[in-house]
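# Fold and geometry: a report
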Amino acid sequence: PNLIQIFYLIATGFFIVGIKRLGSPATARSGNQLASLGMLIGVVVTLFDREIIAFEFIIAGMVIGAFIGIFAAKKVQMTAMPEMVAIFNGFGGGASALVAWGEFTRLDPSIFDTQGLVTTGLSILIGSITFTGSFIAFGKLKGFIGGGRIALPGQNYINLLLTAIALGLVGWFAVDPEYQLVFWLLFGLALLIGVLTVLPIGGADMPVVISLLNSYSGIAASMAGFVLGNNLLIISGALVGAAGLILTNIMCKAMNRTLINVLFGAFGGVSDAG
Amino acid sequence: MEAFIFNLFIFVLASFVGFELITKVPPTLHTPLMSGANAISGITLIGALIIAGGPDSVYAQWIGFAAIIFATINVVGGFMVTDRMLEMFKKKEGEK
């Protein structure tokens, strides 16, 4: 187990240097390769974890996932990159929600302490928002969903209210984890919030939204790390969460917008859409 | 509780590192950087492996199985498209 931690530390280093190098044109490609090497180390080392005893699901899942990932990455047109990133990001966020759900399912709820339950709830909440939000972003860029602003009157207030309710459900879940209804309400509401928050945002702002969702998926992964007590997940997720937020901000500035303006910009567009 | 505080320390410190990592990024690198960071967030794959390979319940293993598929798509696809984007930049510079 100690050896695993040391390899996790190495992988973390690769991620940090990788992200750093991705920020400069001359070193960007090597940065990406370093990061992927870090990922490979993390995955291979984890397979030696004593807790892992069954490999049939692992092998089947990785083969299927890799096949789909390679196919999609090879096929995609250069002009369609942002929506491809959105889809990948959605899957990552969804995976974090599933990891938290899986850990909660396989263990007796009574052994979770409050922190474990709160992070489980947050992982499901943020991961699910990322999942559906990313797919809506994809649909908008692809033109499946109207690129303009689709919003109900007062949509922003509705979204804020729903988010507050979702956070309340996380709290309720932490107090009473064996009440199934709360768990499913939280899951469903999170998926709905992802749809409703991205839907009102105009197509031109989508890259910024995807970047923000990327930050979310990092935080979701980090929360899943809390649930599992896994350092590598906590650190890598936090790195992506923070770096993604900064990048989102930089992208907003490049467009002469503020993040608040992008997210809540539908205020002005309500009358047109309604 | 002890472990949680320790993990919280790591989380906060790693966030600070993440904030500092990115300062000035030329606009052409925005999408590749986003894509590369996104691939790293597929690290949740490691959590999926632990769930899917765990001994406790078949139900959880199926959830883990779905999580592995999702996360692997994120990781493999993410790093590959990032590489494709960056490869294109290199060619452009070469043409000059």
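Residues numbered from 1 in each chain as written. Chains lettered and ligands numbered in written order. Predicted model: local features only at pLDDT ≥ 70, side-chain atom pairs only at ≥ 80, totals over all residues. Heavy atoms only, no water.

## Here we look at the overall build of chain A
What counts, and what does not: Here a helix means four or more residues in a row that DSSP labels H or I, a strand means two or more in a row labelled E, and each is numbered from the N terminus. Note that the radius of gyration is over C-alpha atoms, with the globule rule given as 2.2 Å times the number of residues to the power 0.38. For every residue, the accessible area obtained with a 1.4 Å probe (protein chains only) is divided by the maximum for its type, and the residue is called buried under 20%, exposed over 50%, and partly exposed between those limits. In what follows, a contact means two residues having at least one pair of non-hydrogen atoms within 4.5 Å.
Scanning chain A for helices and strands turns up eleven helices and zero strands. Beginning at the N terminus, the succession of helices and strands in chain A can be written as α-α-α-α-α-α-α-α-α-α-α. Its C-alpha radius of gyration of 19 Å places chain A within 12% of the 19 Å reference for a compact globule of 274 residues. Reported as C-alpha extents along the three principal axes, the dimensions of chain A are approximately 60 × 55 × 30 Å. For chain A, with 274 residues in total, the buried portion stands at 55%. Sequence separation of 24 or more characterises 74% of the internal contacts of chain A that already satisfy a separation of 6 or more.

## Concerning the overall build of chain B
Stated formally: Accessible surface area values rest on a Shrake-Rupley calculation with a 1.4 Å probe, where residue burial reflects the displayed protein chains alone. The charged-residue count follows a simple rule in which Lys and Arg add positive charge and Asp and Glu add negative charge, with His and chain termini not counted at all. To locate a charge, the coordinates of NZ of Lys, CZ of Arg, CG of Asp or CD of Glu are taken.
The helix and strand inventory of chain B stands at four helices and zero strands. The C-alpha atoms of chain B give 18 Å as radius of gyration, which overshoots the globular expectation for 96 residues (12 Å, by more than 25%). For chain B, the spread of C-alpha atoms along the principal axes amounts to about 60 × 30 × 15 Å. Within chain B, the fraction of its 96 residues that count as buried is 57%. Accessible area of chain B: about 4200 Å², with a carbon and sulfur share of 69%. Averaging the positions of the 6 positive and the 7 negative side-chain charges in chain B gives two centres separated by 16 Å.

## Things to note about the interface of chain A and chain B
Cut-off, in case you're wondering: Buried area is understood as the total, over both parts, of accessible area removed when two parts are fitted together, assessed with a 1.4 Å probe. Note on definitions: salt bridges are taken to be side-chain nitrogens of Lys or Arg within 4 Å of carboxyl oxygens of Asp or Glu. Between N or O atoms, a polar contact is any pair within 3.5 Å; within protein, one atom must be a potential hydrogen donor and the other a potential acceptor, and residues adjacent in sequence are included only when both atoms are from side chains. Each residue is assigned to one of three groups, with Ala, Val, Leu, Ile, Met, Phe, Trp, Tyr, Cys and Pro labelled nonpolar, Asp, Glu, Lys and Arg labelled charged, and all others, Gly among them, labelled polar.
The partner chain B presents 76 residues to the 92 residues of chain A that form the contact. Carbon and sulfur atoms supply 80% of the area buried between chain A and chain B, which totals about 7600 Å² over both sides. On the chain A side of the contact with chain B, Arg29, Phe57 and Arg106 of chain A bury the most area, a combined 10% of that side's loss. Taken together, chain A and chain B are joined by two salt bridges. In this structure, Arg29 of chain A and Asp83 of chain B form a salt bridge, with 3.0 Å as the shortest nitrogen-oxygen distance. Our count for the chain A to chain B interface comes out at twelve residue pairs in polar contact (both at pLDDT 80 or more). For the side of chain A that touches chain B, the secondary structure elements donating two or more residues are α1 (2–22), α2 (28–46), α3 (56–75), α4 (81–106), α5 (114–142), α8 (206–228) and α9 (231–254) of chain A. Residue classes in the side of chain A that touches chain B are distributed as 59 nonpolar, 26 polar and seven charged.

## So, the packing of aromatic side chains
For the record, the criterion: A pair of aromatic rings is counted whenever rings of Phe, Tyr or Trp (Trp by its six-membered ring) have centres within 6.5 Å, and the orientation is called stacked for planes under 30 degrees apart, edge-to-face for over 60 and tilted otherwise.
As enumerated under the stated definition, the model contains 21 aromatic pairs over all chains in all. With a centroid separation of 4.9 Å and an interplanar angle of 80 degrees, the aromatic rings of Phe57 of chain A and Trp62 of chain B are classed as edge-to-face. With one member in each of two chains, Phe57 of chain A in helix α3 and Trp62 of chain B in helix α4 (residues 58–95) form a pair that bridges those chains. Between Trp101 of chain A and Tyr59 of chain B the ring centres are 6.3 Å apart and the planes differ by 85 degrees, which places this aromatic pair in the edge-to-face class. Taken as a pair, Trp101 of chain A in helix α4 and Tyr59 of chain B in helix α4 lie in two separate chains rather than in one. Ring pairs connect the aromatic residues Trp101, Phe104, Phe112, Phe173, Phe183, Trp184 and Phe187 of chain A together with Tyr59 of chain B, which therefore count as one cluster.

## A short note on the UniProt feature "transmembrane region" (unreviewed entry) in chain B
Residues and elements named next belong to chain B. How we decide: UniProt positions are given in the numbering used here, feature names are shortened, and annotations may be inferred rather than shown by experiment.
UniProt marks residues 6–23, 35–53 and 59–82 with the feature "transmembrane region" (unreviewed entry), using the numbering shown here. With 89% helix and 0% strand, the stretch residues 6–23 has end C-alpha atoms that lie 28 Å from each other. Along residues 59–82 one finds 100% helix and 0% strand; the C-alpha atoms at either end are 35 Å apart.

## As for α5 of chain A
Residues spaced three or four apart along an α-helix point in a common direction, a consequence of the helix completing one turn every 3.6 residues. To be explicit about the condition: Expected span of a helix: the number of residues minus one, times 1.5 Å.
With 29 residues, α5 of chain A extends 42 Å between its outermost C-alpha atoms, agreeing within 8% with the 42 Å of an ideal straight helix rising 1.5 Å per residue. Among the 29 residues that make up α5 of chain A, 22 are buried, leaving the element largely enclosed by the rest of the structure.

## Re the nonpolar core
Quick reminder of the rule: For this analysis, a nonpolar core means a set of buried residues of the types Ala, Val, Leu, Ile, Met, Phe, Trp, Tyr and Cys, connected via side-chain atoms within 4.5 Å.
If you look at the biggest cluster of nonpolar residues, it comprises 117 residues, and the most contacted ones within it are Phe15 and Ile19 of chain A together with Ile22, Ile43, Ile46 and Val81 of chain B. If you tally residues by element for this core, the top one is α4 of chain A, at 14 residues. In contact with Ile19 of chain A, not counting residues within four places along its chain, are Leu239 and Ala243 of chain A together with Leu21, Ile22, Leu33 and Ile40 of chain B.

## Describing the packing of α4 of chain A against helix α2 (residues 30–41) of chain B
Defined as follows: Fitted lines through C-alpha atoms serve as axes, helices being fitted only where they are in contact, and the angles separating the N-to-C directions of these axes extend from 0 to 180 degrees. To sort the angles, those under 35 degrees are grouped as roughly parallel, those over 145 as roughly antiparallel, those from 65 to 115 as roughly perpendicular, and the leftovers as oblique. For a crossing to be left-handed, the near helix must be turned anticlockwise from the far one by less than a right angle; the clockwise case is right-handed.
Between α4 of chain A and α2 of chain B, the shortest axis-to-axis distance is 9 Å and the interhelical angle comes to 15 degrees. As summarised for this structure, α4 of chain A and α2 of chain B are arranged roughly parallel, according to the angle between their axes. The element α4 of chain A and its partner α2 of chain B pack so that their crossing is left-handed. Residues Val85, Phe88 and Asn89 of chain A of α4 of chain A lie in contact with α2 of chain B, whose contacting residues are Met34, Ser35, Asn38 and Ser41 of chain B. Here the residues of the contact of α4 of chain A with α2 of chain B sort into three nonpolar, four polar and no charged.

## Description of α9 of chain A
Residues and elements named next belong to chain A. Along its 24 residues, α9 runs 34 Å from first to last C-alpha, staying within 8% of the 34 Å computed at 1.5 Å per residue. α9 sits mainly inside the fold: 18 of its 24 residues count as buried. A side-chain oxygen of the first residue of α9 lies 3.0 Å from the backbone nitrogen of Leu232; this N-cap is Asn230. Looking one or two residues beyond α9, the residue adopting positive phi is Asn256, at roughly 60 degrees.

## A short note on the side chain of Asn230 of chain A
Residue and element names in this part refer to chain A. With respect to the helices and strands, Asn230 occurs in the loop between α8 and α9. A relative accessible area of 6% places Asn230 in the buried class. Here Leu232 takes part through its backbone nitrogen, which lies 3.0 Å from a polar atom of the side chain of Asn230.

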